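Descriptive analysis of the structure
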Amino acid sequence: MLSFIILSLVLRTIHGSVIAPPRIVGGVDVLQGDFPFAVSIHLATRELSSCGSGYICTGTLISSWAVLTSARCVQNGSGVRVPEELKLLVGTKSRTNCSEAVELSVEDIRTHEGANLAILRLKWAVINVETAVLNEYQQDLGKQCILIGWGANGKQSGPVERLQETYVRVVACSDGLVCAVSEREHAGACHGDLGAPLLCDGSVAGILGNDPKECGGQITVFGGVRANYEWIRSQLSITSVVQSWTILHILVISLFANFVIN
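Numbering of residues begins from 1 in every chain and follows the order in which that chain's sequence is written. Given that the model is predicted, a residue must reach a pLDDT of at least 70 before its local features are reported, and side-chain atom pairs must reach 80 or more before they are shown or counted; all residues, however, enter totals for whole chains, interfaces and linings. Excluding hydrogens and water, the side-chain values take into account all heavy atoms of the structure.

1. Concerning the overall build of the protein chain
Looking only at helices and strands, one finds one helix and 20 strands in the protein chain. For every residue, the accessible area (1.4 Å probe, protein chains only) is compared with the maximum for its type, and the residue is labelled buried under 20%, exposed over 50%, or partly exposed between those bounds. Residues counted as buried form 47% of the 262 residues belonging to the protein chain. Surface exposure here means Shrake-Rupley accessible area, sampled with a 1.4 Å probe, where a residue is shielded only by the protein chains that are shown. Summed over its atoms, the accessible surface of the protein chain is roughly 13,200 Å², and 55% of this surface lies on carbon and sulfur atoms. Strands are runs of DSSP state E lasting at least two residues, helices are runs of H or I lasting at least four, and both sets are numbered from the N terminus onward.

Quick look at the structure:
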């Protein structure tokens, strides 16, 4: 993700002072403790060769039972993918280190084609992982936000190893959308950032619905959370109902098993 220029600085000591190592202009590695709700989405069949080889999109854990991403991430040539085709990983900023990640199984997929959004309902609740907050407010022009994702960084065509972040600012856009442009030249969304969240005031204000035509520098268009807030909340409500029935089902089975044993 996040096309960048590497500054040609070399770590060295001059008169007892140390010159800092090269920094990335645009995207930088996310620290392990930041953005715990970031989810990497993979095609299960492509993961057979090696962990991370099946990466296709970025997602965001917005409740213990649901992941928000782009509808394009769950589509194939004939329609919406079946849940078993997807493998989700959370808990690590590395795309290929699965030993540090928690694997999530998808139970159901709901799409909003008009807004290019999708919600992946999980089979089991995620515990001990912070979820993202939805931003239901209008974003002021010029507001500084953050874009995160595992997309290409301009130095390589494929996704990067470690989750990247870059600062962007909100610009004028059409209704229902949120547009942003990078604060630096040659930085921003790139191929493979599909589904990535736009974080304003620390909460999800938009979802990258389409791969950008070019990497960095251009205005990036996101599906607005504010415009689709009611749809997202309705899907979370459905998820909560299913969650309650699942828990009740487990309790009934447990009580029946104890009754039989006793």
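Okay, back to it.
2. Quick notes on the state of the cysteines
To count as a disulfide, a pair of cysteine sulfur atoms needs to be within 2.5 Å. Scanning all chains against the criterion turns up four disulfides. One disulfide in the model links Cys-173 with Cys-179; its S-S distance is 1.9 Å. Accessibility expressed as a relative area gives 5% for Cys-179, which makes it buried.

3. Description of the sheet that holds strand E7 (residues 55-63)
Pairing between two strands is assigned when DSSP locates at least 2 bridges connecting them. Within the open sheet, the seven strands sit side by side as E12-E11-E6-E7-E8-E14-E13. Their pairing is antiparallel. This sheet does not close on itself; its edge strands, each paired only once, are strand E12 (102-104) and strand E13 (106-112). Sheet twist, expressed as the mean angle between neighbouring strand axes with direction ignored, is 30°. To define axes, lines are fitted to C-alpha atoms, for helices over the stretch in contact only, and angles between the resulting N-to-C directions are given on a 0 to 180 degree scale.

4. Notes on a nonpolar patch on the surface
On the surface, Leu-177, Ile-219 and Val-221 cluster together into a nonpolar patch covering about 240 Å² of accessible area. Relative to the helices and strands, Leu-177 is located in strand E17 (residues 177-182). Take Leu-177: its relative accessible area is 38%, and that puts it in the partly exposed class. Like-charged residues are merged into a patch within 9 Å and nonpolar side chains (Val, Leu, Ile, Met, Phe, Trp, Tyr) within 5 Å, provided each residue has over 30% relative accessible area and no salt bridge. The salt bridge definition used is simple: a Lys or Arg side-chain nitrogen within 4 Å of an Asp or Glu carboxyl oxygen.

5. A few points about the nonpolar core
Proteins that are soluble and globular tend to have nonpolar side chains buried together. Here, nonpolar core means buried Ala, Val, Leu, Ile, Met, Phe, Trp, Tyr and Cys residues that are tied together by side-chain atoms lying within 4.5 Å of each other. Core analysis: the largest hydrophobic core is formed by 47 residues, its most contacted members being Leu-86, Leu-88, Leu-120, Leu-134 and Ile-232. Apart from the residues within four sequence positions on either side, Leu-86 is in contact with Ile-41, His-42, Leu-43, Ile-56, Val-74, Arg-81, Val-106, Ile-109 and Leu-120. Listed in part, the 13 residues of the second largest apolar core include Val-168, Ala-189, Leu-208 and Phe-222. Contacts are residue-level and defined by heavy atoms, with any inter-residue pair within 4.5 Å sufficient.

6. What about the pairing of strand E16 (residues 164-171)?
In this sheet, E16 lies alongside strand E5 (residues 28-29) in antiparallel orientation, the contact comprising two bridges. Bridging from a neighbouring strand, Asp-29 pairs with Gln-164 of E16. Summarising the sheet, strand E15 (residues 144-149) and E16 pair through six bridges and their orientation is antiparallel. If you follow Leu-147 over to E16, its bridge partner there is Thr-166. Here four bridges tie E16 to E17, and the two strands are oriented antiparallel to one another. Directly across from Arg-169, in E17, lies its bridge partner Val-181. As consecutive antiparallel partners, E16 and E17 are separated by five residues, and within that stretch Gly-176 has a phi angle of approximately 85°, a positive value.

7. Describing the packing of aromatic side chains
Here a pair means two rings of Phe, Tyr or Trp (six-membered ring of Trp) with centres within 6.5 Å. Their orientation is stacked below 30 degrees between planes, edge-to-face above 60, and tilted elsewhere. Evaluated as defined, the whole model comprises two aromatic pairs. A centroid spacing of 6.2 Å and a plane angle of 65° characterise the contact between Phe-35 and Phe-37, whose relative ring orientation is edge-to-face. On the accessibility criterion, Phe-35 (14% relative accessible area) is buried.

8. What to know about unusual backbone geometry
Leave glycine aside and you will find that most residues have negative phi; peptide bonds, for their part, are mostly trans. The backbone of Phe-35 sits at a positive phi, close to 50°, despite the residue not being glycine. In this structure, Phe-35 sits in the loop between E5 and strand E6 (38-43).

9. Focus on the environment of Leu-134
Positionally, Leu-134 belongs in the loop between strand E14 (117-122) and E15. For the pair Leu-134 and Tyr-229, spaced 95 residues apart in sequence, the C-alpha to C-alpha distance is 8.0 Å. If near-sequence neighbours (up to four positions away) are discounted, Leu-134 is found in contact with Ile-62, Leu-68, Ser-203, Val-204, Val-225, Tyr-229, Ile-232, Arg-233 and Leu-236.

10. Section: the pairing of E13
Relative to E14, E13 is paired through six bridges, and the arrangement is antiparallel. Bridged to Val-106 within E14 is Leu-122. From the end of E13 to the start of E14, which pair antiparallel, there are four residues, and Asn-116 there has a positive phi angle of about 60°.

In short, the description is geometric, and any link to function would need to be established separately.
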